[in-house]
Amino acid sequence: MAKLDHFFKDFNKTKLEKHIQELLKNYDFNQEFESELISDLITEKHYYCACHGLRPLRFRKEPYPGRCYNFFGFFLSLGWHPISWNQCIYPKSKENIVKDALRKAIEPDISEYKRQHPKCERCGKLSKEIDHIEPEFDVIAQQALKTLSHKDWESIMIDSFNFLIKEEFRLPDNNPALIYTLEAHKTVKLQAVCKKCHQINAEERKNNQ
Ligand SMILES: [Zn+2]
């Protein structure tokens, strides 16, 4: 437990996250840099690195469409490897691991819709995001999670926690939650929105509940 104190005593989790976010703003994409703090955090808190004594020596971020960046650490034994510093602070639940994989699976649909609707469908400004009007993505994902058997969860846990695989975790094609989501997504009502109208949509939904 002493290790945990080392990080979360001076810094609570929110502060630590903010601090690292600020730190990362100092570096350009693809610029290599060292950070004792992030190295320590990963060595001590990452589910795989902590067990296997792995310590990243330096870091870089790469641009990734739709997200802030992809993050990589350089390990003597592995070379450059994707790593999430954020998950060392906030470990993901297995449900969220699956939800993220489902979100990734519908990305092609979303980008295609966005391509076809460059303007906000509410105000006509440039569209920035795609809103799931009906049903919301979370509703689909919740239903999808219910299709998973104990055995499905077991193999998800084994595959998603295999740190040595360099690709991002994806659900296999025959996974029932993936099949459910792709099918449900065929009839979903989407709307291209600017940031402001996305917020207005969310507020309206909340008020109508
Ligand atoms: Zn708008």
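Note that this is a predicted model, so its numbers are computed, not measured.

1. Digging into the overall build of the chain
Line of reasoning, step 1. Looking only at helices and strands, the chain features 11 helices and 5 strands.
Line of reasoning, step 2. With the C-alpha coordinates of the chain rotated into their principal frame, the extents come out at 50 × 45 × 30 Å.
Line of reasoning, step 3. For the chain, the residues scored as buried account for 16% of the 209 residues in total.
Line of reasoning, step 4. Look at the contacts in the chain between residues 6 or more apart in sequence, and 65% of them connect residues 24 or more apart.

2. Quick word on the pairing of strand β2 (residues 70-75)
Line of reasoning, step 1. Taken together, the 5 bridges between strand β1 (residues 58-62) and β2 define a ladder with antiparallel strand orientation. Along β2, the bridge assignment pairs Arg58 with Phe74.
Line of reasoning, step 2. Pairing between β2 and strand β3 (residues 79-82): 4 bridges, direction antiparallel. Note that in β3 the partner of Phe74 across the bridge is Trp80.

3. Some details on unusual backbone geometry
Line of reasoning, step 1. Pro135 follows Glu134 through a cis peptide bond whose omega is -10°.
Line of reasoning, step 2. Secondary-structure assignment places Pro135 in the loop between β4 (129-134) and α8 (137-146).
Line of reasoning, step 3. The backbone phi angle of Asn30 is positive, close to 65°, even though this residue is not glycine.
Line of reasoning, step 4. Positionally, Asn30 belongs in the loop between α2 (13-24) and α3 (36-45).

4. Regarding the confidence of the model for the chain
Line of reasoning, step 1. Averaged over the chain, the pLDDT score is 90; the fraction of residues at 70 or greater is 94%.
Line of reasoning, step 2. Mean pLDDT across the elements of the chain ranges from a minimum in helix α1 (residues 2-8), with 55, to a maximum in β1, with 97.

5. A closer look at the domain arrangement of the chain
Line of reasoning, step 1. Domain boundaries assigned for the chain yield domain 1 (2-89) and domain 2 (94-208).
Line of reasoning, step 2. Inter-centroid distance (C-alpha atoms) of domain 1 to domain 2 is 26 Å.

6. Quick notes on the sheet that holds β1
Line of reasoning, step 1. Read across the sheet, 3 strands follow the order β1-β2-β3 without closing on themselves; strand pairing throughout is antiparallel. Strands with a single pairing partner mark the edges of an open sheet, and in this sheet they are β1 and β3. The sheet shows a mean angle of 30° between the axes of neighbouring strands, direction not considered.

7. Describing the nonpolar core
Line of reasoning, step 1. Membership of the largest hydrophobic core is limited to 12 residues, which are Val98, Ala101, Leu102, Ile106, Ile140, Ala141, Ala144, Leu148, Ile156, Leu171, Ala177 and Leu178.
Line of reasoning, step 2. Elements that contribute at least two residues to this core include exactly α6 (94-105), α8 and α10 (176-185).
Line of reasoning, step 3. What Ala177 contacts, discounting residues up to four positions off in sequence, is Val98, Leu102, Ala144, Leu145, Thr147, Leu148 and Leu171.
Line of reasoning, step 4. Grouped together as the second largest cluster of nonpolar side chains are 9 residues, Ile42, Cys49, Ile83 and Trp85 included.

8. Some details on the packing of α8 against α10
Line of reasoning, step 1. Here α8 crosses α10 at 145°, and the two axes come no closer than 8 Å. For the pair α8 and α10, the sense of crossing is right-handed. Contacts from Ile140, Ala141, Gln143, Ala144 and Leu145 of α8 reach α10 at Ala177, Tyr180, Thr181, Ala184 and His185.
Line of reasoning, step 2. Looking at the contact of α8 with α10 residue by residue, the classes come out as 7 nonpolar, 3 polar and no charged.

9. Quick word on the environment of Glu62
Line of reasoning, step 1. By the element assignment, Glu62 lies in strand β1.
Line of reasoning, step 2. Between the C-alpha atom of Glu62 and that of Gln31, which follows or precedes it by 31 residues, the distance is 8.8 Å.
Line of reasoning, step 3. If we skip the residues at most four places from it in the chain, Glu62 touches Phe29, Asn30, Tyr69, Asn70 and Phe72.

10. Notes on the environment of His81
Line of reasoning, step 1. Position of His81 relative to the elements: it lies in strand β3.
Line of reasoning, step 2. Residues His81 and Ile165, spaced 84 residues apart in sequence, show a C-alpha to C-alpha distance of 9.1 Å.
Line of reasoning, step 3. The residues touching His81, leaving out its near neighbours within four places in the chain, are Phe72, Gly73, Phe75 and Lys166.

11. Let's talk about the packing of α6 against α10
Line of reasoning, step 1. For the pair α6 and α10, the least separation of the axes is 10 Å and the interaxial angle reads 40°. Classed by the angle they form, the pair α6 and α10 counts as oblique. In terms of crossing hand, the pair formed by α6 and α10 is right-handed. On α10, the residues touching Val98, Leu102 and Ala105 of α6 are Ala177, Leu178, Thr181 and Leu182.
Line of reasoning, step 2. Across the contact of α6 with α10, the residue classes tally to 6 nonpolar, 1 polar and no charged.

Cut-offs and rules
- Residues numbered from 1 in each chain as written.
- Predicted model: local features only at pLDDT ≥ 70, side-chain atom pairs only at ≥ 80, totals over all residues.
- Helix = DSSP H or I, 4+ residues; strand = E, 2+ residues; numbered from the N terminus.
- Buried ≥ 20, exposed ≤ 12 C-beta atoms within 10 Å, placed from the backbone.
- Contact = placed C-beta atoms within 7 Å.
- Pairing = 2+ DSSP bridges.
- pLDDT = per-residue confidence, 0-100.
- Domains from an automatic or database assignment.
- Axes fitted to C-alpha atoms, helices over the stretch in contact; angles between N-to-C directions.
- Core = buried A, V, L, I, M, F, W, Y, C linked by C-beta atoms within 7 Å.
- Left-handed = near helix turned anticlockwise from the far one by under 90°.
- Nonpolar A, V, L, I, M, F, W, Y, C, P; charged D, E, K, R; others polar.
- Parallel < 35°, antiparallel > 145°, perpendicular 65-115°, else oblique.

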